[in-house]
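A structural walkthrough
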Amino acid sequence: DTMNMMIYAIKDRRTALAKQVRGTISIGDKVIVNTRFAVEKGTITKVMKTRCAVKFDSNSLTYACPMNIVEKRAA
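Residues numbered from 1 in each chain as written. Predicted model: local features only at pLDDT ≥ 70, side-chain atom pairs only at ≥ 80, totals over all residues. Heavy atoms only, no water.

Brief notes about the sheet that holds strand β5 (residues 70-72)
Convention followed: Paired strands, as defined in this entry, are two strands with at least two bridges between them according to DSSP. Numbering of helices and strands runs from the N terminus, with a helix taken as a DSSP run of H or I at least four residues long and a strand as a DSSP run of E at least two residues long. Inter-axis angles, ranging from 0 to 180 degrees, are taken between N-to-C directions of lines fitted to C-alpha atoms, where helices are fitted over the stretch in contact.
The sheet built from 5 strands is open, its strands ordered β4-β3-β2-β1-β5 with antiparallel pairing. A single partner strand is all that each edge strand has here, and the edge strands are β4 (62-66) and β5. Put simply, the sheet's adjacent strands are angled 45 degrees from each other on average, direction ignored. Two strands pair when backbone bridges link them, and strand β2 (residues 39-47) and strand β3 (residues 51-56) are joined in this way by 5 bridges, in the antiparallel orientation. Bridge pairing in β3 places I44 opposite V54.

Structure representation (structure tokens):
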């Protein structure tokens, strides 16, 4: 029971962070994606509920990235 409460709390926090980031980004914004092994630059092509589609500059592929690893790039 305690484990389930912790899981729900983590999921709720992630959703809240995604909503916060979603309010600051829009289609066409230049972003930085903090992946596990590197930092990639890209452009937002679609904004979804908790993820956003990012087209990476390095290989021109589009990935659905969680919003908690996406940061808006300074112009």
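Some thoughts on the pairing of β3
What sits between the antiparallel neighbours β2 and β3 is a turn of 3 residues. Sheet topology places β3 next to β4; 5 bridges connect them, and they run antiparallel. Paired with R51 across the two strands is P66, which belongs to β4. Count of turn residues in the β3/β4 antiparallel hairpin: 5 residues, of which S60 carries a positive phi of about 60 degrees.

Here's the deal with the side chain of D29
Convention followed: Accessible area is worked out with a 1.4 Å probe on protein chains only. A residue is then buried under 20% of its type maximum, exposed over 50%, and partly exposed in between. As used in this structure description, the phrase polar contact means that two N or O atoms lie within 3.5 Å; if the pair is within protein, one of them must be able to donate a hydrogen and the other to accept it, and residues adjacent in sequence are counted only when both atoms belong to side chains.
Along the polypeptide, D29 turns up in the loop between α1 (2-22) and β1 (30-34). A residue is classified by how much of its surface remains accessible, and D29, at 14% relative accessible area, is buried. Here the side chain of D29 touches S26 through a polar contact of 2.8 Å, landing on its backbone nitrogen.

Points about the nonpolar core
Which entries qualify depends on this criterion: Take the buried residues of types Ala, Val, Leu, Ile, Met, Phe, Trp, Tyr and Cys, join any two whose side-chain atoms come within 4.5 Å, and each joined set is a nonpolar core. Any two residues having at least one pair of non-hydrogen atoms within 4.5 Å are treated as being in contact.
Of all hydrophobic cores here, the largest spans 12 residues; its members are A18, V21, I25, V31, V33, I44, C52, V54, F56, C65, M67 and V70. Counting only elements with at least two residues in this core, the list comes to α1, β1 and β3. For this core, the element with the most residues is β3, which contributes 3 residues. Once residues lying within four places of it in the same chain are set aside, the contact partners of V21 are M67 and V70.

Notes on the pattern of salt bridges
Should the charged atoms of two oppositely charged side chains come close, the side chains can pair. We count it as follows: Note on definitions: salt bridges are taken to be side-chain nitrogens of Lys or Arg within 4 Å of carboxyl oxygens of Asp or Glu.
According to the stated counting rule, one finds 2 salt bridges in the structure shown. The salt bridge involving D57 is made with R73; its shortest N-O contact spans 3.4 Å. Separated by 16 residues along the polypeptide, D57 in the loop between β3 and β4 and R73 in the segment after β5 bring together distant segments of the chain. For R73, a relative accessible area of 24% corresponds to the partly exposed category.

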